[in-house]
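# Architecture and fold: a report
Listed below are the residues making up each chain.
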Amino acid sequence: RMIEQVVELEDAERTSTMAAVSTQPLTQPLRSRHQTPLSQASSPPKTRWSLRAVMAFLVAINMLNFIDRGVISGAPVQFGGFVARTLNKPPSQQSVYLGLLTSAFVSCYAIASIILGELVRHCSKFRLLAGGLMVWICALVMSGIAFWLGSAPLSFYFFLGARSLSGV
């Protein structure tokens, strides 16, 4: 949908440029709508570069999001050690808490998808994207802070909340 909006903006710019060209005095030759002045012929329009930059940014965010989704299941030994250190649980019970961390993320992700899916009809898509990105970054920072909170159970529950929030 975002790409469609950028394309609509490009069309609006073309329309305004065509209107300016059509109002030129008759003493100047009229240009075709596909011709560009010689000064602009060597470089692509800024809108194409901005579209590519937006797409590269979104692809990078999506890649990091997929990495973030699998971080708990991808490092069970390290997170098992975190559970043992913070909750003093034996290795036989650590998988329950690792499952809780993963389930918290997936549950909040499912709920947020429904809510944001409805909001996208009524709010600015760019603002929703920016808001979601800010919440996700804050959740990642909170996840890092949980490591430095020490070995108290508060550290585990803080991390659980951060993982839940990263589902947004």
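Residue numbers restart at each chain and count upward from 1, following the sequence in its written direction. Residue-level local features of this predicted model are given only where pLDDT is at least 70; pairs of side-chain atoms are given and counted only at 80 or more, and the full residue set underlies all totals for whole chains, interfaces and linings. To obtain the side-chain values, all non-hydrogen atoms of the structure were included, while hydrogens and water were left out.

This paragraph deals with the packing of helix 5 (residues 76-87) against helix 8 (residues 153-166). Helix packing for two helices is described by the angle between their axes and how far apart those axes are. Note on geometry: axes are C-alpha line fits, over the in-contact stretch for helices, and angles between N-to-C directions span 0 to 180 degrees. Each helix corresponds to a stretch of at least 4 residues labelled H or I by DSSP, and each strand to a stretch of at least 2 residues labelled E; elements are numbered beginning at the N terminus. The N-to-C vectors of helix 5 and helix 8 enclose an angle of 135°; their axes lie 7 Å apart at closest approach. Accordingly, the angle class assigned to the pair helix 5 and helix 8 is oblique. Two secondary-structure elements touch here, helix 5 through F79, F82, V83, T86 and L87 and helix 8 through P153, S155, F156, Y157 and F159. A class-by-class count of the residues in the contact of helix 5 with helix 8 yields 8 nonpolar, 2 polar and no charged. Oblique is the label for any angle not covered by the other classes, which are roughly parallel (under 35 degrees), roughly antiparallel (over 145) and roughly perpendicular (65 to 115). In what follows, residue pairs with any heavy atoms lying within 4.5 Å of each other are defined as contacts. Only Asp, Glu, Lys and Arg are considered charged in this grouping, and only Ala, Val, Leu, Ile, Met, Phe, Trp, Tyr, Cys and Pro are considered nonpolar; every other residue, Gly among them, is considered polar.

It is worth spelling out helix 5 at this point. Every helix has an expected span of 1.5 Å times one less than the residues it contains. When the terminal C-alpha atoms of helix 5 are compared, their 16 Å separation across 12 residues agrees well with the 16 Å that a helix rising 1.5 Å per residue should span. Relative accessibility decides the category of a residue: with a 1.4 Å probe and only protein chains considered, values under 20% of the type maximum give buried, values over 50% give exposed, and everything between is partly exposed. Burial in helix 5 covers these residues: F79, G80, F82, V83, T86 and L87. One side of helix 5 holds all its buried residues, which, seen down the axis, span an arc of 155°. Facing away from the buried side of helix 5 by over 90 degrees, the exposed positions are V77 and Q78. The arc refers to the directions leading from the helix axis to the C-beta atoms.

With that settled, the discussion passes to the packing of aromatic side chains. Any two aromatic rings considered together are summarised by their centre-to-centre distance and by the angle between their planes. Between the rings of Phe, Tyr and Trp (Trp by its six-membered ring), a pair exists once the centres lie within 6.5 Å; its type follows the angle of the planes, with under 30 degrees stacked, over 60 edge-to-face, and the other angles tilted. Using the criterion set out here, one finds 7 aromatic pairs in the structure. With centroids separated by 5.8 Å and ring planes inclined at 85°, the aromatic side chains of Y97 and F156 adopt a geometry described as edge-to-face. Linking Y97 in helix 6 (residues 91-119) with F156 in helix 8, this pair joins segments that are 59 residues apart in sequence. Here F156 and Y157 contribute two aromatic rings whose centre-to-centre distance is 5.4 Å and whose plane-to-plane angle is 80°, an arrangement assigned as edge-to-face. For F156, a relative accessible area of 0% gives the class buried.

Salt-bridge detection follows one rule: a side-chain nitrogen of Lys or Arg within 4 Å of a carboxyl oxygen of Asp or Glu. For the coordinates displayed, the defined rule picks out 2 salt bridges. D68 is the salt-bridge partner of R163, the closest N and O atoms lying 2.8 Å from each other. Here the residue R163 occupies a position in helix 8, and D68 occupies one in helix 3 (residues 46-69), the gap between them amounting to 95 residues. Neither residue differs from the other here; R163 and D68 are each classed as buried. Its salt-bridge partner being R121, residue E118 comes within 3.9 Å of it at the nearest N-O pair.

Attention now goes to the confidence of the model for the protein chain. A residue-level look at the protein chain finds 72% of positions with pLDDT of 70 or above and a mean pLDDT of 80. Residue-level confidence of the predictor, termed pLDDT, takes values from 0 up to 100. Within the protein chain, helix 2 (residues 38-41) has the poorest average pLDDT of any element, 51, and helix 8 the best, 94.

Right, let's get into helix 7 (residues 125-148). Over its 24 residues, helix 7 runs 35 Å from end to end, which matches the ideal 34 Å to within 8%, given 1.5 Å per residue. Taken residue by residue, helix 7 has G132, L133, W136, A139, S143 and A146 as its buried positions. Downstream of helix 7 by one or two residues, G150 has phi in the positive range, about 105°.

Of note, L58 is situated in helix 3. According to the relative accessible area criterion, L58 is partly exposed, its value standing at 23%. Between the C-alpha atom of L58 and that of L129, which follows or precedes it by 71 residues, the distance is 9.8 Å.

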